[in-house]
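# Fold and geometry: a report
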Amino acid sequence: VGMKISSDGKKLLYYQNQDIGHVWISDLEGRNPKQVTSDDRFVITPALSPDGNSIAFSLLTGDALGGVFRLYLINRDGSSRQLITRSNSSARLPIWSPDGKRLAFNLAQTGIGEFSKDIGKTFILDIASPDKHVEVGRGIPVRWPDQNELILFDSVRTWRYSFDGSGKKEIVNDSLMAIPLPGNQYLVGSSASPSHEDVWLIRTDKKKAARRLFKGTFPRGAFPSNVQVAPNGKFLLYVKSPGELWK
């Protein structure tokens, strides 16, 4: 679960959904898997850099009841680990900017699962100076459409935040986490229930009704990274049930 597709659409990054899981990288079809982490601690929400050389992920510090997740960087071969957040809140759901120089991530008072009642706030840090965090807004980061925009989901609405001074704009307000596809003519929307999700294709001009792509029940704790749209917008991956990844 928790998979991410590489920028070139050829590699798959994911972690095991078990008591102690690890980060793995493989070909998109699941061939040639290679284990990246080997900690005896909870690891969640890995993200591969645009150049494919670095991985950001969240690692539990402390015990499962009182610990927090902190963000780390690591090379794709498992070397050169670097701690990049030290907050008393859990840092999770990192997303790389298109140029690979910044990370958007979520800070929240949360437990082991990715999605909780405390949705927290999204921040941005520069890889070159990770100690400085800039707040974006309430919600979890979904995608960088480009260098100057970030999509956030606050459990009820999906927002587009612009860094050019124009502020934020509502994209969807019906409890869908929406991902704009290239060209901005369509959105892929995933319903916000952690236990039961439908995925929809939505026209941005609303001239036609939304079309349900599939109806699925997903493993607990996998929301919101159980549905991933390829960078080119031509396919998506989703976790149908524990241990099953579908294209």
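Attention in this report is confined to the structure presented alongside it. Given the structure is predicted, the values throughout are model-derived calculations rather than measurements.

Of all seven residues that make up strand β9 (residues 90-96), seven are buried, and the element is covered over most of its length. Here β9 pairs with strand β10 (residues 102-108) via five bridges, running antiparallel. Across the sheet, the residue bridging to W96 is L103, located in β10. Hairpin connection from β9 to β10: five residues lie between these consecutive antiparallel strands, with G100 at a positive phi of about 75°.

Turning our eyes to something else, we now look at the environment of D164. Assignment of secondary structure puts D164 in the loop between β15 (158-162) and β16 (167-172). Take D164: its relative accessible area is 60%, and that puts it in the exposed class. Taking C-alpha positions, D164 is 8.4 Å from E149, a pair spaced 15 residues apart along the chain. A distance of 2.6 Å separates the side chain of D164 from the side chain of S166, its partner in a polar contact.

What follows concerns the environment of V227. Structurally, the position occupied by V227 is in strand β21 (residues 227-229). Note: C-alpha distance between V227 and W246 (19 residues apart in sequence) is 9.7 Å.

Further remarks concern the pattern of salt bridges. Overall, the coordinates contain nine salt bridges when judged by the stated rule. Put simply, E149 and R160 hold a salt bridge, and the shortest N to O gap is 2.9 Å. Linking E149 in strand β14 (residues 149-153) with R160 in strand β15, this pair joins segments that are eleven residues apart in sequence. This pair shows no difference in class: E149 is buried, exactly as R160 is. The residue R157 makes a salt bridge to E170 at a minimum N-O spacing of 2.9 Å. Taken as a pair, R157 in the loop between β14 and β15 and E170 in strand β16 lie far apart in primary sequence, 13 residues in all. According to the relative accessible area criterion, R157 is partly exposed, its value standing at 33%. Using a relative accessible area of 33% as the deciding quantity, one classes E170 as partly exposed. Taken together, the shared-partner salt bridges connect D39, R41 and R81 into one network.

Calculation notes
Residues numbered from 1 in each chain as written. Predicted model: local features only at pLDDT ≥ 70, side-chain atom pairs only at ≥ 80, totals over all residues. Heavy atoms only, no water. Buried < 20%, exposed > 50% of the residue type's maximum accessible area, 1.4 Å probe, protein only. Helix = DSSP H or I, 4+ residues; strand = E, 2+ residues; numbered from the N terminus. Pairing = 2+ DSSP bridges. Polar contact = N/O pair within 3.5 Å; in protein donor to acceptor, adjacent residues only side chain to side chain. Salt bridge = Lys/Arg side-chain N within 4 Å of Asp/Glu carboxyl O.

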